[in-house]
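Each chain, letter by letter, is given below.
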Amino acid sequence: MKQPANRYAAVVESLSGERGVTVGSPDGRGFGSSALKVNGKIFAMLSSQDAFVVKLPRARVDALVASGDGTRFDPGHGRQMKEWLALATASTLDWLALAEEALVFVGAKG
């Protein structure tokens, strides 16, 4: 199986040409430094623990957590984010499909 960084790089390559999509922060450091953004808002990223993280509607995150495909993302403050899913390593869900879903969700909010 591909390493998380390689899998994420493939997602970035596939989506970086989409309208309004940018990659990372201007200085390349800090939270979301390599995140995919639409209109300046993060929709997918690889966490510092190499977890693939996407922003989805709360009900969708609830369903994916219930199915065992992931957990709510905790950025390190001890507070889980309700609209953020950290995909489980064992999940067989397609990263690109989830990122596309997140792109539509975040893009529609902007």
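Conventions adopted
Residues numbered from 1 in each chain as written. Predicted model: local features only at pLDDT ≥ 70, side-chain atom pairs only at ≥ 80, totals over all residues. Heavy atoms only, no water. Helix = DSSP H or I, 4+ residues; strand = E, 2+ residues; numbered from the N terminus. Rg over C-alpha atoms; globule rule 2.2 N^0.38 Å. Buried < 20%, exposed > 50% of the residue type's maximum accessible area, 1.4 Å probe, protein only. Pairing = 2+ DSSP bridges. Contact = heavy atoms within 4.5 Å. Core = buried A, V, L, I, M, F, W, Y, C linked by side-chain atoms within 4.5 Å. Axes fitted to C-alpha atoms, helices over the stretch in contact; angles between N-to-C directions.

Engineer: Mind laying out the overall build of the protein, listing which residues take part and the relevant values?
Structural biologist: Check the secondary structure of the protein and you find 3 helices and 6 strands. Along its sequence from the N terminus, the protein presents helices and strands in the succession α-β-β-β-β-α-β-β-α. For 110 residues, the compact-globule formula gives about 13 Å, and the C-alpha radius of gyration of the protein, at 13 Å, lands near that figure. Each of the three principal axes of the protein carries a C-alpha extent, and together these read 35 × 35 × 25 Å. Taken across its 110 residues, the protein has 37% of its residues classed as buried.

Engineer: Give me the lowdown on the pairing of strand β3 (residues 41–46), citing residues and values where you can.
Structural biologist: A large share of β3 lies buried, amounting to 5 of its 6 residues. Pairing between strand β2 (residues 36–38) and β3: 3 bridges, direction antiparallel. Within β3, the position partnered with V38 by the bridge is K41. Between β3 and strand β4 (residues 52–55), which pair antiparallel in sequence order, lie 5 residues; one of them, D50, sits at a positive phi of approximately 65°.

Engineer: Tell me about unusual backbone geometry, and name the residues and values.
Structural biologist: One non-glycine residue with positive phi stands out, namely N39, at about 50°. Counting through the fold element by element, N39 comes out in the loop between β2 and β3. With a relative accessible area of 53%, N39 lands in the exposed category. Even without glycine at this site, D50 takes up a positive phi of about 65°. Turning to its location among the elements, D50 is positioned in the loop between β3 and β4.

Engineer: So what's going on with the environment of S14? Residues and values would help.
Structural biologist: Among the secondary structure elements, S14 is positioned in helix α1 (residues 4–15). By relative accessible area, which is 42% here, S14 ends up partly exposed. Along the primary structure S14 and A44 are separated by 30 residues, whereas in three dimensions their C-alpha atoms are 13 Å apart.

Engineer: Please provide a residue-by-residue account of the side chain of K55, values included.
Structural biologist: Here K55 shows up in strand β4. Excluding residues that lie within four positions of it along the chain, K55 makes contacts with I42, F43, E83, W84, A102, F105, V106 and K109.

Engineer: So what's going on with the nonpolar core? Residues and values would help.
Structural biologist: Membership of the largest hydrophobic core comes to 32 residues, with the highest contact counts inside it found for Y8, L36, F43, F52 and V54. Of all elements in the fold, only α1, β2, β3, β4, α2 (58–66), β6 (84–87) and α3 (95–109) reach the threshold of two or more residues within this core. Of all the elements, α3 adds the most residues to this core, at 7 residues. Excluding residues that lie within four positions of it along the chain, Y8 makes contacts with S34, A35, L36, A44, M45, L46, F52 and W95.

Engineer: Tell me what's going on with the sheet that holds β6, and back it up with residues and numbers.
Structural biologist: Within a sheet, adjacent strands bond to each other through the backbone by hydrogen bonds, running parallel or antiparallel. Spatial ordering of the open sheet is given by β1-β2-β3-β4-β6-β5, a layout of 6 strands whose pairing is antiparallel. One side of each edge strand has no neighbouring strand; the edge strands of this open sheet are β1 (21–23) and β5 (70–72). Geometrically, the sheet is characterised by an average inter-axis angle of 25° between neighbouring strands, direction not taken into account. Looking at chain direction, β4 and β6 are connected through 3 bridges and run antiparallel. Following the sheet pairing, K55 is matched in β6 by W84. Relative to β3, α1 is tilted by about 145°, and along the sheet it contacts β1, β2, β3 and β4.

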